[in-house]
Amino acid sequence: MHETLTTPLPASWLASRLRLDGAEIERLRERGELIAVRQGDQGQWLYPAWQFGPRGAVPQGVRDAVRAAHAAGLADDRLIALLRRRVGLMGGGRFLDLLFEGRSDAVIDAIKASAATAS
């Protein structure tokens, strides 16, 4: 995957590149519909660019996965690590790919399993 897609980026950068409203990106994070990690203790929120689809739209699968992770008590950094993992034993696609293929149910199952083993 291209480094720009995996590198967490500030809302201002995403807003300018994707022609989005930076305040809307923040609202989506606050509502638990986007993944974000804070840079440093008091730093700005950074967003993995891969969660934005064509024209900056956030697929419903991403929103569902973030909500499921938060409901299960899984922190965003752990969710990101899970989504970057390969699906299956033979090195198939990543869990994040499933979100764009309309297979968020498999991702949500993995989120719940990951949260259960962490408890």
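Look up a bit, the structure's there.
What counts as what
Residues numbered from 1 in each chain as written. Predicted model: local features only at pLDDT ≥ 70, side-chain atom pairs only at ≥ 80, totals over all residues. Heavy atoms only, no water. Pairing = 2+ DSSP bridges. Helix = DSSP H or I, 4+ residues; strand = E, 2+ residues; numbered from the N terminus. Core = buried A, V, L, I, M, F, W, Y, C linked by side-chain atoms within 4.5 Å. Buried < 20%, exposed > 50% of the residue type's maximum accessible area, 1.4 Å probe, protein only. Contact = heavy atoms within 4.5 Å. Axes fitted to C-alpha atoms, helices over the stretch in contact; angles between N-to-C directions. Parallel < 35°, antiparallel > 145°, perpendicular 65-115°, else oblique. Left-handed = near helix turned anticlockwise from the far one by under 90°. Nonpolar A, V, L, I, M, F, W, Y, C, P; charged D, E, K, R; others polar.

**Points about the pairing of strand β3 (residues 45-48)**
- As paired elements, strand β1 (residues 8-10) and β3 share 3 bridges and run antiparallel to each other. Its bridge partner being in β3, Pro8 is matched across the sheet by Pro48.
- Two strands pair when backbone bridges link them, and strand β2 (residues 37-38) and β3 are joined in this way by 2 bridges, in the antiparallel orientation. When the sheet's bridge partners are listed, Val37 is paired in β3 with Leu46.

**Observations concerning the nonpolar core**
- Grouped together as the largest cluster of nonpolar side chains are 30 residues, with contacts concentrated most on Ile25, Tyr47, Leu79, Leu83, Val107 and Ile111.
- Elements that contribute at least two residues to this core include exactly α2 (11-18), α3 (22-30), α4 (60-71), α5 (76-84), α6 (95-100) and α7 (104-118).

**Some words on the environment of Ala65**
- Counting through the fold element by element, Ala65 comes out in helix α4.
- Sequence-wise, Ala65 and Lys112 are 47 residues apart; in three dimensions their C-alpha atoms are separated by 10 Å.
- If we skip the residues at most four places from it in the chain, Ala65 touches Leu79, Leu99, Val107, Ile108 and Ile111.

**Focus: the packing of α4 against α7**
- Between α4 and α7, the least distance of the axes is 9 Å, while the angle of their chain directions is 15°. With respect to their mutual orientation, α4 and α7 come out roughly parallel. The two elements α4 and α7 cross, and the hand of that crossing is right-handed. Judged by residue contacts, Gly61, Asp64, Ala65, Ala68 and Ala69 of α4 engage Ser104, Val107, Ile108 and Ile111 from α7.
- Of the residues in the contact of α4 with α7, the class split is 6 nonpolar, 2 polar and 1 charged.

**Describing the packing of α5 against α7**
- Closest axis-to-axis distance for the α5/α7 pair is 11 Å, and the angle between their directions is 125°. Taken together, α5 and α7 sit at an angle that is classed as oblique. By crossing handedness, the relation of α5 to α7 is classed as right-handed. In this structure, α5 contributes Arg78, Leu79, Leu82 and Leu83 to the contact, and α7 contributes Val107, Ala110, Ile111, Ser114 and Ala118.
- Classifying every residue of the contact of α5 with α7 by side-chain character gives 7 nonpolar, 1 polar and 1 charged.

**Comments concerning the environment of Leu82**
- By the secondary structure assignment, Leu82 is in helix α5.
- Considering only alpha carbons, one finds Leu82 and Ala118, 36 residues apart in sequence, at a separation of 12 Å.
- Aside from chain neighbours lying at most four places away, what touches Leu82 is Phe95, Ala110, Ile111 and Ser114.

These figures capture arrangement, not role.
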